Amino acid sequence: MQTTIQLQNKALSGKSTLYLCTKKDKLASLGFDKNEEAYIQKKLKADEHYILINRLSSLIFIQFTDDFTKKTSAEKLEAYRVLGQKMCVALNTHRYKEVVLNTDKNNNEQILAVAEGCALANYEFLKYKSDTKKKHTLENILVHTEKENTQKIEELQIVIDAVYTARTWVNEPQSYLTAVSFSKEIKALAGSSNVKAEVLAKKQIEALKMGGLLAVNLGSKTPPTFTILEYKPKNAKNKQPLVLVGKGVVYDTGGLSLKPTPNSMDTMKCDMAGGAAVAAAICAIAKANLPYYVVALIPATDNRPGENAYTPGDVVTMFDGQTVEVLNTDAEGRMLLADALAYAKKYKPELVLDFATLTGAAAAAIGSYGTVCMGTASEKTKNQLKDCGNHVHERLVEFPFWDDYAKLIKSDLADMKNIGGPVGGAITAGKFLEKYVDYPWMHFDIAGPAYLTTADSYRGKQGTGVGVRLLFNFVKSLCN
Ligand code: BES
Ligand code: ZN
Ligand code: ZN
């Protein structure tokens, strides 16, 4: 399923259409008849700025943008995306296939945000439904604008497709998406995106002594994978790559430290959302030909309490030789991320960004409204990331990263233990990861926003694809 966004260079009549207006605009010039004008005026008097006119063969959307003026530029863009979501619902309810978004020279960025919100809201995952009669009808979003915006529209399409892909991977249950099938899906996407892909199988992972990934996989019946993606364009602006790392736990039962069901295990197919985000993002970056050298690493396995499962009390020797006392097998994400982060050193990266559904503590702290981040990157990089986060409304909250928290993961037996105390759970997880990095690095804990059990605007329900738009936008900003 796809929603296409196309440039439309001739005016079209008779189709569902959005008009962005201000109160000063002469409505007659937009083609409204007397009755419609009277209706619009009535609505305006009632202080309604979003107006829907049902012409029976089309829907006309009018948004008066006057009440957006007090917002910051990022908040404005988000208001336009939410408008796109409202339109998407109406178009599908009334069974329309197409919509035209009208722009003038001054509101191109806004209208693309409407298209973005509308397309993101139009996503649905129906693979396992027998009855799809009620499926969305909307297929095409036509942006009526000048030819010079072609590239922007093509780029938006690439990003929307990438978010759809990441969402679908997250929504796939573990019965379909094992570590092996996940890596195959990633490899296929990379193949069609001009991204080099290599999937390390269990033997190679053993040869490399990736102890963290192998320990988590011990309780599983299916083998782990370690997927390496590389996009190195000839015109890259950077010599040392940007390395993305994504947690690929295709299902997290907690292992022997079993999660209680039904509350916390039901959604644990989402535990590879970080891996999905980085894989979809690097492929989008390549499809858009962004001149930036990027690598992505996705360690993947399920976490189960099988008969050979790693146990609380075990000591694991990690890829880089450090030892970990395992005190909770449910703190598995950091075990495999640590191996991937240590592996990333071989690229001498200019920056590493990891995305992981790592801790319930991050989700408890800020909910699904944003992503918790922390790390050792420069203030400049952090600010650039936060600006991008605001711009795409994948907002970032930086947590303190004081060394005091590192004391909480000291072990009597080994170099560190895999859990901290009762406080600062998201941060102690970050401090654990920090032991495996020697380069500028940021950690993004997406446990809150990766998967929603109640619908939220164009993010929808279930997998949100969080991280994809942030990463694409960030790399784009690095190219400018
Ligand atoms: N995958 C979970 C974290 C998670 C929680 C993701 C909620 C998405 C939604 C992670 O592996 C985990 O279980 N973390 C533990 C760590 C603890 C044992 C130190 C947690 O947060 O409870
Ligand atoms: Zn866990
Ligand atoms: Zn997990």
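Here, the structure is the one placed above.
What comes next is a walk through the structure.

Calculation notes
Residues numbered from 1 in each chain as written. Chains lettered and ligands numbered in written order. Predicted model: local features only at pLDDT ≥ 70, side-chain atom pairs only at ≥ 80, totals over all residues. Heavy atoms only, no water. Pairing = 2+ DSSP bridges. Helix = DSSP H or I, 4+ residues; strand = E, 2+ residues; numbered from the N terminus. Core = buried A, V, L, I, M, F, W, Y, C linked by side-chain atoms within 4.5 Å. Buried < 20%, exposed > 50% of the residue type's maximum accessible area, 1.4 Å probe, protein only. Domains from an automatic or database assignment. Contact = heavy atoms within 4.5 Å. Donors = N, O, S within 2.8 Å, 3.2 Å for Na, K, Ca; no water. Tetrahedral: all angles 85-135°; square planar, octahedral: opposite > 155°, others 65-115°. Phe/Tyr/Trp six-rings, centres within 6.5 Å; stacked < 30°, edge-to-face > 60°. Lys NZ or Arg CZ within 6 Å of the ring centre and 35° of its normal.

Looking at the sheet that holds strand β17 (residues 416-417)
Reasoning step 1: With respect to topology, 3 strands assemble into an open sheet ordered β12-β13-β17, the strand pairing being mixed. A single partner strand is all that each edge strand has here, and the edge strands are β12 (315-317) and β17.
Reasoning step 2: Pairing of β12 with strand β13 (residues 323-325), which is carried by 3 bridges, proceeds in the antiparallel orientation. Of the residues in β13, the one forming a bridge with T317 is T323.

Structural notes on the nonpolar core
Reasoning step 1: Of all hydrophobic cores here, the largest spans 97 residues; its most connected members are L101, W169, F182 and L353.
Reasoning step 2: By residue number, the principal contributor to this core is helix α8 (residues 273-287), which donates 12 residues.
Reasoning step 3: Looking at which domains feed residues into this core, each of domain 1 (4-145) and domain 2 (159-479) supplies at least three.
Reasoning step 4: Ignoring any residue separated from it by four or fewer positions in sequence, one finds L101 in contact with L18, M87, I111, V114, A115, I141, L142, V143 and H144.
Reasoning step 5: In terms of nonpolar packing, the next biggest core, distinct from the first, is built from 51 residues, L214, V243, L358 and L433 among them.

A few points about the coordination of the zinc ion (ligand 2)
Reasoning step 1: Within the protein, the zinc ion (ligand 2) binds to D252 (OD), D330 (O), D330 (OD) and E332 (OE); these donor distances fall in the range 2.0 to 2.2 Å.
Reasoning step 2: Viewed at the metal, the 6 donor atoms of the zinc ion (ligand 2) are separated by angles of 70 to 167°, and the geometry they form is irregular.
Reasoning step 3: Sequence spacing among the residues donating to the zinc ion (ligand 2) works out to D-x77-D-x1-E.
Reasoning step 4: In this structure, the zinc ion (ligand 2) is positioned 3.2 Å from the zinc ion (ligand 3), and both are ligated by D252. A residue pair is termed long-range when its members are at least 10 positions apart, and D252 in strand β10 (residues 248-252) and D330 in the loop between β13 and α9 (333-344) qualify at 78 residues.

Brief notes about the packing of aromatic side chains
Reasoning step 1: Under the counting rule described, the total for this entry stands at 12 aromatic pairs.
Reasoning step 2: Ring geometry for F319 and Y343: centres 5.8 Å apart, planes at 55°, overall tilted. Placement of F319 in the loop between β12 and β13 and of Y343 in helix α9 is noted, with a sequence separation of 24 residues between them.
Reasoning step 3: Overall, the relative accessible area of 26% leaves F319 in the partly exposed class.
Reasoning step 4: Given a relative accessible area of 8%, Y343 falls into the buried group.
Reasoning step 5: In this structure an aromatic cluster arises from ring pairing among F226, F319, Y343 and Y347.
Reasoning step 6: For K127, the ring lying beneath its charged end belongs to Y176, and the centroid distance is 3.5 Å.
Reasoning step 7: The ring of F401 has K431 sitting right over it, with the charged end atom 4.0 Å from the ring centre.

Functional significance is not addressed by these values, which are geometric in nature.
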